[in-house]
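Take a look at the letters that make up each chain.
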Amino acid sequence: MIVNIDFNSDEALYIQLRNQIIIGIATDAIREGDVLPSVRSLADTIGINMHTVNKAYAVLKQEGFVKLDRRKGAVVAVDLDKMQALEELMSELQVLLAKAVCKNISRSEIHDLIDTIMDQFGCPDGEAD
């Protein structure tokens, strides 16, 4: 698993790690049932504190992307509760779209961005349904 952490970013390290794992799952670089590296191993590889990796894994568990197994560690297990996911997405998108409106980004520009991102995840029109 390749993880790129930006130590100069204002975004918390555990959030960067969480986001990269979610993108990895979305792009099939990380698959259902895959075991993520141990907290110690990933911390050593990236050069961050073990508590930071542990926090990222805990957030991923809370959000339904991984299950923690005492023997295996963090295992990718995507929670398929679509209604809850849609509610969370709506909440997060409201703020992002409000920022876009404040910056005069048009509806069509937003649609183009969404199409580009969904294409990166290999989700052509209608396939993600």
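Residues numbered from 1 in each chain as written. Predicted model: local features only at pLDDT ≥ 70, side-chain atom pairs only at ≥ 80, totals over all residues. Heavy atoms only, no water.

Take the packing of aromatic side chains next. One pass over the full model with this rule turns up zero aromatic pairs. When the ring centre of Y14 is taken as origin, the NZ or CZ atom of K55, which lies over that ring, is 4.3 Å away. (Phe/Tyr/Trp six-rings, centres within 6.5 Å; stacked < 30°, edge-to-face > 60°. Lys NZ or Arg CZ within 6 Å of the ring centre and 35° of its normal.)

The next subject is the nonpolar core. Of all hydrophobic cores here, the largest spans 20 residues; its most connected members are L17, I21, L36 and Y57. At the level of secondary structure, the elements contributing two or more residues to this core comprise α1 (13-26), α2 (39-46), α3 (50-62) and β2 (73-76). In this view, I21 contacts M1, I30, L36, Y57 and L60; residues no more than four positions away in its chain are not counted. (Core = buried A, V, L, I, M, F, W, Y, C linked by side-chain atoms within 4.5 Å. Buried < 20%, exposed > 50% of the residue type's maximum accessible area, 1.4 Å probe, protein only. Helix = DSSP H or I, 4+ residues; strand = E, 2+ residues; numbered from the N terminus. Contact = heavy atoms within 4.5 Å.)

Tracing the backbone shows C123 in the segment after α5 (107-120). Put simply, C123 and K99 are 24 residues apart on the chain and 25 Å apart in space, counted from C-alpha to C-alpha.

Another aspect to go through is the packing of α1 against α3. In the contact formed by α1 and α3, the axes pass within 8 Å of each other and the chain directions differ by 50°. Classified by the interaxial angle, the pair formed by α1 and α3 is oblique. The chirality of how α1 crosses α3 is right-handed. In contact with L13, Y14, L17, R18, I21 and I22 of α1, α3 contributes T52, V53, K55, A56, Y57, V59 and L60. (Axes fitted to C-alpha atoms, helices over the stretch in contact; angles between N-to-C directions. Parallel < 35°, antiparallel > 145°, perpendicular 65-115°, else oblique. Left-handed = near helix turned anticlockwise from the far one by under 90°.)

The next thing to look at is unusual backbone geometry. With a phi close to 70°, D28 is a non-glycine residue in the positive phi region. Inspection of the secondary structure puts D28 in the loop between α1 and α2. Despite not being glycine, N104 has its phi angle at roughly 60°, a positive value. Relative to the assigned elements, N104 resides in the loop between α4 (82-102) and α5. Taking relative accessible area as the criterion, N104 reaches 70% and is therefore assigned exposed.

In short, shape yes, function no, at least from these values alone.
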